[in-house]
Amino acid sequence: MTSATSTTSLPSGLAVLTTFPDVLFIPEITFGGLVWILVASSKVPSHMLQGWVMFVSVFCFIMSIILLCLYICGVHGGRSSWVTLDVICQEIAALFYLSAAVLEAYFTYDSFLSSNPLIMTIYQENIAAVVFAFLATLMYVIHKVYSLLRWKSS
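As a starting point, this report considers the structure included with it. (Residues numbered from 1 in each chain as written. Predicted model: local features only at pLDDT ≥ 70, side-chain atom pairs only at ≥ 80, totals over all residues. Heavy atoms only, no water.)

For the rest of this paragraph, the subject is the overall build of the protein. Scanning the protein from terminus to terminus reveals 6 helices and 0 strands. Counted from the first residue to the last, the protein has its helices and strands arranged as α-α-α-α-α-α. The proportion of buried residues among the 154 residues of the protein is 38%. Of the contacts made within the protein by residues no fewer than 6 positions apart, 78% connect residues no fewer than 24 positions apart. (Helix = DSSP H or I, 4+ residues; strand = E, 2+ residues; numbered from the N terminus. Buried < 20%, exposed > 50% of the residue type's maximum accessible area, 1.4 Å probe, protein only. Contact = heavy atoms within 4.5 Å.)

Further remarks concern the packing of helix 3 (residues 47-73) against helix 4 (residues 81-112). It is at 9 Å that the axes of helix 3 and helix 4 come closest, and there the two elements cross at 155 degrees. Between helix 3 and helix 4, the angle falls in the class roughly antiparallel. Remark: the crossing between helix 3 and helix 4 carries left-handed chirality. Across the contact of helix 3 with helix 4, the residue classes break down as 21 nonpolar, 4 polar and 2 charged. (Axes fitted to C-alpha atoms, helices over the stretch in contact; angles between N-to-C directions. Parallel < 35°, antiparallel > 145°, perpendicular 65-115°, else oblique. Left-handed = near helix turned anticlockwise from the far one by under 90°. Nonpolar A, V, L, I, M, F, W, Y, C, P; charged D, E, K, R; others polar.)

This part is about the pattern of salt bridges. The tally for this structure, following the rule as stated, stands at 3 salt bridges. Across the salt bridge formed by Asp22 and Arg150, the nearest N and O atoms sit 3.0 Å from each other. You can see Asp22 sitting in the loop between helix 1 (2-8) and helix 2 (25-41) and its partner Arg150 sitting in helix 6 (residues 123-153), a full 128 residues away along the chain. Residues Asp22 and Arg150 agree in their burial class; the two are buried. With a closest N to O distance of 3.0 Å, Arg150 and Asp86 form a salt bridge. (Salt bridge = Lys/Arg side-chain N within 4 Å of Asp/Glu carboxyl O.)

The next subject is the packing of aromatic side chains. With the rule as written, the count across this model stands at 11 aromatic pairs. Between Trp52 and Phe96, the ring centres sit 5.2 Å apart and the planes meet at 70 degrees, which makes this aromatic pair edge-to-face. Here Trp52, found in helix 3, pairs with Phe96, found in helix 4; they are 44 residues apart in sequence, far enough to count as distant. For Trp52, a relative accessible area of 28% puts it in the partly exposed group. What makes Phe96 partly exposed here is its relative accessible area of 25%. (Phe/Tyr/Trp six-rings, centres within 6.5 Å; stacked < 30°, edge-to-face > 60°.)

Attention now moves to a nonpolar patch on the surface. A cluster of nonpolar side chains, contributed by Phe20, Val141, Val145, Tyr146 and Leu149, occupies part of the molecular surface with about 420 Å² of accessible area. Here Tyr146 is to be found in helix 6. (Patch = residues over 30% accessible without salt bridge, like charges linked within 9 Å, V, L, I, M, F, W, Y side chains within 5 Å. Areas by Shrake-Rupley, 256 points an atom, 1.4 Å probe, with all protein chains shown as cover.)

What follows is about helix 6. Relative to the 45 Å expected for 31 residues at 1.5 Å per residue, helix 6 spans 45 Å between its end C-alpha atoms, a close match to the ideal helical length. Where helix 6 is concerned, the buried positions are Asn126, Ala129, Val130, Ala133, Ala136, Thr137, Met139, Tyr140, His143, Lys144, Ser147 and Arg150. (Expected span 1.5 Å × (residues − 1).)

Put into structure tokens, the structure is as follows:
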């Protein structure tokens, strides 16, 4: 009975860094930060597309840092409404990152077909951004699935 109770509530303190799926905050922040850096450092002709990828990476990076800090500080107090908030945040981040990763992959594929030397110079940075965007998407999806399971059992 006590083990079921401990898995349905959110951890607080440094237990956040050792509890699954909350430990996934670390790779989410890492991969999201790498996407942010790679997209920000590349000069691209398609500002609208890159603007969305940049918005998603910055928004999810900040959201994950804030949630991680709030969980470590124990602000949630064990209330079940925070489990719902966790599910909503992970769902939004997973959907946003999936759309950003697909758009970044499309732009990278499209730039590979181009003969413009300016576009070809940023090709390798965009390949890395695509890889890290899909890794961040995978982390957010896994976190979302296990957060949904935690929400269902709470």
